[in-house]
Amino acid sequence: MSTTSRSHQGLPQHRPQRASPAARDDTDKMLGGEECEPHSQPWQVALFERGRFNCGASLISAHWVLSAAHCQTRSLRVRLGEHNLRKRDGPEQLRTVARIIPHPRYEARSHRHDVMLLRLTRPARLSRQARPVALPTRCPQPGEACVVSGWGLVSDDKPGTKGIPESQVSLPDTLHCANISVIPATSCNEDYPGRVMASMVCAGVEGGGTDSCEGDSGGPLVCGGVLQGIVSWGDVPCDTTTKPGVYTKVCSYLEWIKETIKRN
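This is a predicted model, so every value here is computed, not measured. Counting of residues starts from 1 at the beginning of each chain's written sequence and follows it residue by residue. Given that this is a predicted model, residues contribute local features only at a pLDDT of at least 70 and side-chain atom pairs are listed and counted only at 80 or more, while totals for whole chains, interfaces and linings are drawn from all residues. Think of the side-chain values as coming from all heavy atoms in the structure, minus any hydrogens and water.

1. Some words on helix α2 (residues 254-263)
Phase 1: Taken together, the buried positions of α2 are Leu254, Trp256, Ile257 and Thr260. End-on view of α2: buried residues confined to an arc of 165°, all on one side of the axis. Turned more than 90 degrees away from the buried face of α2 sit Glu255, Lys262 and Arg263, all of them exposed. To sort residues, take the accessible area from a 1.4 Å probe on protein chains only and compare it with the maximum for the residue type: under 20% means buried, over 50% means exposed, and anything in between is partly exposed. A run of DSSP states H or I qualifies as a helix once it reaches four residues; a run of E qualifies as a strand once it reaches two. Both are numbered from the N-terminal end. Arc definition: it is the arc formed by the directions from the helix axis to the C-beta atoms.

Have a look at this one:
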């Protein structure tokens, strides 16, 4: 199977594949996650291009948003304090982007250095529904419990021919969350031989079925309240794979993040 970025390319307005592992035997249940408690991930950002949902991102300060370099487009707008993308319930904030700064050594083919900073034209109004996530002071540990969130594709199991479950992808309006954990590098290297670099981290659940999907790109992997990963790439189709998702390891880019913010 090929691997792909978890961006929206080639698909309609995307959103996250999620549910608890137990739900996988049931029909009409989401695979890999559930709708997040509204505003439980107050750092979650939605990126839009010309009014169309594009990617996820994370608020890291009142002026700065962190996302994946493969989410870069010429024109991006930022929505903060979002839960349901189709409804306005009060705390949403819309911001334009003054500067789009992808990592200078980003490589689309290898997904290397898949990280990007966005400087907001005017600062976010910090509140209970929109506040920054902490950057890490250490790298993630194997087995560490994390939450991934986003508006990417969600998968349902439906009975297919001869009782075989058939996966149906759908597009939720609401933010979805999944509980996953950091996968050891040795195990992830077996799934993606020669493709996982030291600046990447894998996360998922044993046996698969819970993972980020197209449309979740750029969104946060938060472990113990700290931003440890950025949704980057993985196996496709992500609703049927047993392989973990691969994330940009934020701890590898602390120097670049701090220097870029200082210069801009």
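Alright, that's what it looks like, and here's the rest.
2. Comments concerning the pairing of strand β13 (residues 176-183)
Phase 1: β13 sits mainly inside the fold: 6 of its 8 residues count as buried.
Phase 2: Think of it this way: DSSP has to see at least two bridges between two strands before they count as a pair. Sheet topology note: the strand β3 (residues 34-35)/β13 ladder contains 2 bridges and is antiparallel. Within the sheet, the bridge partner assigned to Glu34 lies in β13 and is Cys177.
Phase 3: In the sheet, β13 pairs with strand β14 (residues 200-204) via 3 bridges, with the strands oriented antiparallel. Each bridged residue has a counterpart across the sheet, and for Ile183 the counterpart in β14 is Cys202.

3. Things to note about the packing of aromatic side chains
Phase 1: Side-chain rings of Phe, Tyr and Trp, where Trp is taken by its six-membered ring, are said to pair if the distance between their centres is within 6.5 Å; with planes under 30 degrees apart they count as stacked, over 60 as edge-to-face, and otherwise as tilted. Following the criterion strictly, the structure yields 3 aromatic pairs and no others.
Phase 2: Ring centres of Phe48 and Phe53 lie 5.8 Å apart, and the angle between their planes is 75°; on these two criteria the pair is classed as edge-to-face. You'll find Phe48 and Phe53 in the same group, each marked buried.
Phase 3: A network of ring pairs unites the aromatic residues Phe48, Phe53 and Trp151 as a single cluster.
Phase 4: Geometrically, a lysine NZ or arginine CZ counts as sitting over a ring once it is within 6 Å of the ring centre and also within 35 degrees of the ring normal. Over the ring of Trp233 we find Arg195; its NZ or CZ atom is 4.7 Å from the centre of that ring.

4. A short note on the nonpolar core
Phase 1: In terms of nonpolar packing, the biggest core is built from 33 residues, with Leu66 and Val78 touching the most fellow members.
Phase 2: Counting only elements with at least two residues in this core, the list comes to β4 (44-49), β5 (52-59), β6 (64-67), β7 (77-80), β8 (93-102), β9 (116-120), β16 (226-235) and α2.
Phase 3: For the domain bounds, the source is a domain assignment made automatically or taken from a database. Built from parts of two domains, this core gets at least three residues from each of domain 1 (42-132 + 254-263) and domain 2 (144-157 + 170-251).
Phase 4: Nine residue types can take part in a nonpolar core, namely buried Ala, Val, Leu, Ile, Met, Phe, Trp, Tyr and Cys, and a core is a set of them joined through side-chain atoms within 4.5 Å. With 12 residues, the next largest nonpolar core counts Val148, Val182, Val205 and Cys223 among its residues.

5. Side note on the pairing of β16
Phase 1: Of all 10 residues that make up β16, 9 are buried, and the element is covered over most of its length.
Phase 2: The pairing of strand β15 (residues 220-223) with β16 spans 4 bridges and is classified as antiparallel. Bridging across to β16, Cys223 finds its partner in Val226.
Phase 3: Here β15 folds back onto β16, and the loop between the two strands holds 2 residues, one of which, Gly224, carries a positive phi near 60°.
Phase 4: Relative to strand β17 (residues 245-249), β16 runs antiparallel, the two being bridged by 4 bridges. Bridging from a neighbouring strand, Trp233 pairs with Val246 of β17.

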